[in-house]
Amino acid sequence: YKSLVPLPEITYTTAPRAMASDGSSLWVALDAEPVDLIVKMAVSTSTATVLTSFDSPGTETDGLAIHDGKLWVLINDTQTIEMPTPSGPMAMQVTVSSILSLNKESGEELSEGYLMVDDPYGGPDVFKMLAAGLASDGTFLYSGAQGSAGMGGGSQNGEIYKIDPANQRFKN
C-alpha cells in the first residue's frame, strides 16, 4: 500500500531578509513560505552563482552571521512556551527571538536557544523585545532591538546587544 501525504505549497521570493559573508561565500536568507530559504552564493564572480540552498530553521529569519566557522541564524517565530503562574504552568503563544547555529555548508542544525537576558532580580529570562540583524566581531555576536512606544506618547530608542554565543545570553 502507498499513502500520499499532501505537503504545503512552497513559495520563494527574491526578497532578501538577511545576509552574511565569510569573504569567499555569501549567504542570503530569502522570504519564503512555509519557511524561509537560505542560499549560499559565490562572491568571487560578477554574477550570482548559487552553490547550494537549504531551509532556514524559521519562518521569520531576521539575521545571519558567520562566527566560529558556523552560520548563525536569528529568527523571530511564534513559539508555544510555558510560563509559571500561581495556579501552575500555562502554555502561551508568543513571538520570541531564537538564535541557532548551522553547518554553513549543509544547513544542519548544531545548536539552538532562545535569546536570554540575566535579570538581576529573577535570574535568566527570555528576552522580551524582538531582535533584528546579526553580526560578529569574532568573539561575540551582536543584534539590535527595535525601540517601542513609551508611556505618554513618547518613545524608547532601540538598542544594540552583545550576545555570548556559548549560552545565547545578552552581555549588556
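Residues numbered from 1 in each chain as written. Predicted model: local features only at pLDDT ≥ 70, side-chain atom pairs only at ≥ 80, totals over all residues. Heavy atoms only, no water.

Here we look at the sheet that holds strand β4 (residues 49-55)
Backbone-to-backbone hydrogen bonds join strands into a sheet, with any given pair of strands oriented parallel or antiparallel. Formally: A pair of strands is labelled paired if DSSP reports no fewer than 2 bridges between them. Helix and strand assignments follow DSSP, with helices taken as H or I runs no shorter than four residues and strands as E runs no shorter than two, numbered in order from the N terminus. A fitted line through C-alpha atoms serves as each axis, taken over the contacting stretch for helices, and the angle formed by two N-to-C directions is quoted from 0 to 180°.
Read from one edge of the open sheet, 4 strands run β1-β2-β3-β4, paired in antiparallel fashion. Unpaired on one side and paired on the other, β1 (11-21) and β4 mark the two borders of the sheet. Going from strand to strand, the sheet's axes swing by 30 degrees on average, the running direction of each strand aside. The pairing of strand β2 (residues 25-33) with strand β3 (residues 37-42) spans 6 bridges and is antiparallel. Within the sheet, the bridge partner assigned to serine 25 lies in β3 and is alanine 42.

Here's the deal with the packing of aromatic side chains
Filter applied, for reference: Side-chain rings of Phe, Tyr and Trp (the six-membered ring for Trp) are treated as a pair once their centres are within 6.5 Å; stacked means planes under 30 degrees apart, edge-to-face means over 60, and tilted covers the remaining angles. Any Lys NZ or Arg CZ found within 6 Å of a ring centre and within 35 degrees of that ring's normal is scored as a charge over the ring.
If you walk through the whole model with that rule in mind, you get 0 aromatic pairs. The ring of phenylalanine 140 has lysine 162 sitting right over it, with the charged end atom 4.8 Å from the ring centre.

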